[in-house]
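Okay, here's what each chain looks like letter by letter:
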Amino acid sequence: MLLSLQVKVPEDWSQKQNRSYFVFSFGKPPEVAIEIVSNKIGNELGIKLQDYAFAAVGYYVVFDPLKQLGETILRVYELRGNSYVELGNFYLSQVGLGLTIWHGIFEGKEYDWLRWCDDSGNILLTGDERAEQEKQRAEQEKQRADRLAEILRERGISPDEIL
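Residues numbered from 1 in each chain as written. Predicted model: local features only at pLDDT ≥ 70, side-chain atom pairs only at ≥ 80, totals over all residues. Heavy atoms only, no water.

Draft legend 1. Fine view of the sheet that holds strand β7 (residues 97–106). Spatially, three strands are ordered β6-β7-β8 in an open sheet, and the strand pairing comes out antiparallel. Of all strands in the sheet, those with a lone pairing partner are β6 (91–92) and β8 (109–117), marking the two edges. Taken together, the nine bridges between β7 and β8 define a ladder with antiparallel strand orientation. Looking at β8, one finds that Gly104 is bridged to Tyr111. (Pairing = 2+ DSSP bridges. Helix = DSSP H or I, 4+ residues; strand = E, 2+ residues; numbered from the N terminus.)

Spelled out as structure tokens, the structure:
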């Protein structure tokens with residue numbers, strides 16, 4: 001997965017040439033590259049580490065949920081000069097985002113997920129989570145309005161005449 005900020009997104013993603021990230025097309029390397037490890041043959045901690053540094057990608061992240069490369073599930077590297085330095089935390093200061101492991105249900109599957117967070121570690125909500133949160137807020141507001149209308153009626157006031 002690549003994160004590239006302040007680039008112009010192609011209008012038509014259905015075109016094959018728009019489905020890959022080329023620095024010459026977007027004008028800059030991505031800020032973040034995230035590798036999700038599924039086996040040991042990807043060489044994420046070897047040649048890929050060098051390749052992304054050569055490509056000048058600001059941060060290189062290795063997410064290893066199945067522990068294929070050892071006991072460490074998440075590694076974050078920051079480009080300094082021409083090589084990467086592993087960070088002791090998972091906050092990517094140059095992009096103003098952090099990463100965290102979150103255990104929960106996403107798209108019907110309970111798992112340890114890699115999630116974006118803010119500098120305090122607060123998880124950034126997905127679109128579905130934001131929609132659900134808004135739905136709950138709207139339901140609470142409706143319940144409050146219904147209760148207020150009930151109180152007004154008990155006092156002989158028609159809520160419809162007030163509004």
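Having seen the structure, we can now continue with the description.
Draft legend 2. Highlighting the packing of aromatic side chains. The tally for this structure, following the rule as stated, stands at eight aromatic pairs. Following the ring pairs from residue to residue traces out a cluster consisting of Tyr52, Tyr60, Tyr77 and Tyr84. Arg115 extends its terminal NZ or CZ atom over the ring of Trp102, reaching a point 4.6 Å from the ring centre. (Phe/Tyr/Trp six-rings, centres within 6.5 Å; stacked < 30°, edge-to-face > 60°. Lys NZ or Arg CZ within 6 Å of the ring centre and 35° of its normal.)

Draft legend 3. Quick look at the pattern of salt bridges. For the coordinates displayed, the defined rule picks out 10 salt bridges. The partner of Glu71 in a salt bridge is Lys67, and the shortest N-O contact between them spans 3.4 Å. Assessed through its relative accessible area of 64%, Glu71 is described here as exposed. Accessibility expressed as a relative area gives 38% for Lys67, which makes it partly exposed. Residue Arg115 pairs with Glu129 through a salt bridge whose shortest N-O separation is 2.6 Å. Residue Arg115 is located in strand β8, and its partner Glu129 is located in helix α3 (residues 127–154); the two are separated by 14 residues in the primary sequence. Take Arg115: its relative accessible area is 8%, and that puts it in the buried class. In this structure Glu129 comes out as partly exposed when scored by relative accessible area, which is 23%. Connected through shared salt-bridge partners, Glu35, Glu44 and Lys48 make up one network. (Salt bridge = Lys/Arg side-chain N within 4 Å of Asp/Glu carboxyl O. Buried < 20%, exposed > 50% of the residue type's maximum accessible area, 1.4 Å probe, protein only.)

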